[in-house]
Amino acid sequence: MNTHKALLAALLVPLGATLAVAPAASAATEPAPAAAAAPSATATGPKEAAATAFRSPLAALNRMAHPLRTAEPRGDLADLRPFGRIVGDARVVGVGEATHSSHEFFTVKHRVLRYLVEEKGFRAFALEAPWSTGVRLNDYLTSGKGDLKQIMDEEFQGTYRFWNNAEYRDLLQWMRAYNVKHSKDPVRFVGDDNGFAGAELYDKVSAYAAKARPELSKKLSELYRGLRPTTDAATYVKEYEAKPLAERKELAGRTGRAVDLLKQGPGRGADADAHAWALQHATAIHQMATMYAFDFDDPRSIPDMMRYRDKVMAENVAWWQRQTGDKIVLAAHNSHVALKTYVPTTHPKVQGDFLREKLGRAYLSVGLTFDRGSFNAFGQDGGVHRFAVGSSAPGTTEHTLDRVRYRDFVADLRKAPDPARAWLAAPRVVKNVGATYPWSGDNPKVRLSTTHDVVIHLHRVEASRMLK
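Residues numbered from 1 in each chain as written. Predicted model: local features only at pLDDT ≥ 70, side-chain atom pairs only at ≥ 80, totals over all residues. Heavy atoms only, no water.

### Section: the nonpolar core
No. 1: Membership of the largest hydrophobic core comes to 62 residues, with the highest contact counts inside it found for Trp 131, Leu 220 and Tyr 224.
No. 2: Residues contacting Trp 131, with those up to four places away along its chain left out, are Val 190, Gly 191, Asp 193, Leu 201, Trp 277, Gln 280, His 281, Ala 284, Asn 316, Trp 319 and Trp 320.
No. 3: Judged by nonpolar contacts, the second largest core, of 54 residues, contains Met 152, Leu 171, Ala 331 and Val 454. (Core = buried A, V, L, I, M, F, W, Y, C linked by side-chain atoms within 4.5 Å. Buried < 20%, exposed > 50% of the residue type's maximum accessible area, 1.4 Å probe, protein only. Contact = heavy atoms within 4.5 Å.)

And the structure:
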């Protein structure tokens, strides 16, 4: 497989399976824990029920689970009130997904966003898409500038194409409709990733310099020479990553000097906000250039590169929260919103871990799991295909979660009673479908109570409807 193509899949969508494509050993032969048996039919009294809960993790999970009425975004949201209490005073809520392209994972995010916007005052939706994509989508959502279909088609290219789906289109249309009614208090869009830096960023930095720091304009133009995209995103990235390593390092050096140049004259008074945004746009350009300055032909550099990417995504989310004060719903793969990495060999530290360090308990990690269903992913031939998986094998995390009395539910893992606490703290296999299927990280063993604060479990998911 082409190394550059493998890198691109790995960079732009989390845990992009092409780093190691051999499927992991099946968990089907792992025996189910004896304690996971259903409660005895004879345990009817309070004392008997308490004794059963003490013996059975499943009984304890039954006690802590709150049912979800539906995974669809529309309709009454009363069933999310327990989730609202769980969120509490969190300022960033990371909502994960066990696959990158399943309908219900996207619609649950939409539903959660609706609830947190309407009931908890959240005002931003962050996605692992380029910062420049966020700039462009945010302009559309807050002012109506541009055409949504055209923006999605142009921005969600390469492995970002998984975001060009009917479910996210629906979510974005809801955000736009909300903003039309609440123009003075809009919900905004944040792209926190660094796989591409669009022309908008160069234009905004240049416009700021021309107006506020004209003495910097010529130098910035020299530093950015040949970097501003003039082609579509997929073509630009393909050509950029094909450059020799020495050239990519030289470009990263130039973008770094541009950041340093802007830092030398911090904005004051009325200029402070404009300066902060210009500096962040220049930082996003540098983040892309730095990513592609890693030697991705050397397998030893992959962990450092992936750690850098997750660090960048966390920094961009934290910057937005600090700069705007917005409370943020963060959408990403489970393995990115997690508090601890799923796959330490390739992803030594992840976005959720960095955010917990930066924000403490103001960051809440919500993992989404499923028992069975389908999803879209790149196959071993490089094309996008629909895949399906059956019921979870005994001994896996999802096998026990799917035996909870509710078809779909949310549970606060931090308040788990014994013996659910012990069960959650033990390493067990979870589904972890990346951009390419299968890959060696499909079935890692994780300790659910240390990777997420909350879990939302869905009985069944179906492949998302991709638009292009």
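### Description of the pairing of strand β4 (residues 188-193)
No. 1: Among the 6 residues that make up β4, 5 are buried, leaving the element largely enclosed by the rest of the structure.
No. 2: Sheet topology note: the strand β3 (residues 124-130)/β4 ladder contains 5 bridges and is parallel. The residue of β4 that forms the bridge with Ala 124 is Arg 188. (Helix = DSSP H or I, 4+ residues; strand = E, 2+ residues; numbered from the N terminus. Pairing = 2+ DSSP bridges.)

### Some words on the pairing of strand β7 (residues 384-389)
No. 1: In this sheet, β7 lies alongside strand β6 (residues 363-378) in antiparallel orientation, the contact comprising 6 bridges. Considered in β7, the bridge of Asn 376 is made with Arg 386.
No. 2: Once β6 ends, the chain turns through 5 residues before running back antiparallel as β7, passing Gly 382 with a positive phi of about 90 degrees.

### Quick look at the environment of Tyr 178
No. 1: By the element assignment, Tyr 178 lies in helix α8 (residues 166-181).
No. 2: Put simply, Tyr 178 and Arg 114 are 64 residues apart on the chain and 9.7 Å apart in space, counted from C-alpha to C-alpha.
No. 3: In this view, Tyr 178 contacts Val 117, Arg 123, Asp 185 and Val 187; residues no more than four positions away in its chain are not counted.

### With respect to helix α14 (residues 302-324)
No. 1: Between its first and last C-alpha, α14 extends 33 Å over 23 residues, near the 33 Å set by a 1.5 Å rise per residue.
No. 2: After α14 finishes, the residue Gly 325 shows a positive phi value of roughly 80 degrees. (Expected span 1.5 Å × (residues − 1).)

### Some words on the environment of Phe 162
No. 1: Mapped onto the fold, Phe 162 is located in the loop between α7 (148-155) and α8.
No. 2: As for Phe 162 and Val 384, which are separated by 222 residues in sequence, their C-alpha atoms are 9.4 Å apart.

### Digging into the packing of aromatic side chains
Within a pair of aromatic rings, the relevant descriptors are the distance that separates the centres and the angle that separates the planes.
No. 1: For the coordinates displayed, the defined rule picks out 20 aromatic pairs.
No. 2: Aromatic side chains Tyr 240 and Tyr 292 sit 5.5 Å apart centroid to centroid with 50 degrees between the ring planes, which places their arrangement in the tilted category. Of this pair, Tyr 240 sits in helix α11 (residues 233-241) while Tyr 292 sits in the loop between α13 (271-291) and α14, placing them 52 residues apart in sequence. Comparing Tyr 240 with Tyr 292, the two get one shared label, buried.
No. 3: With 5.3 Å between their ring centres and 85 degrees between their planes, Trp 277 and Trp 320 make a pair best called edge-to-face. With Trp 277 in helix α13 and Trp 320 in helix α14, this residue pair connects regions lying 43 residues apart in the sequence. Exposure class is identical for Trp 277 and Trp 320. Each is buried. (Phe/Tyr/Trp six-rings, centres within 6.5 Å; stacked < 30°, edge-to-face > 60°.)

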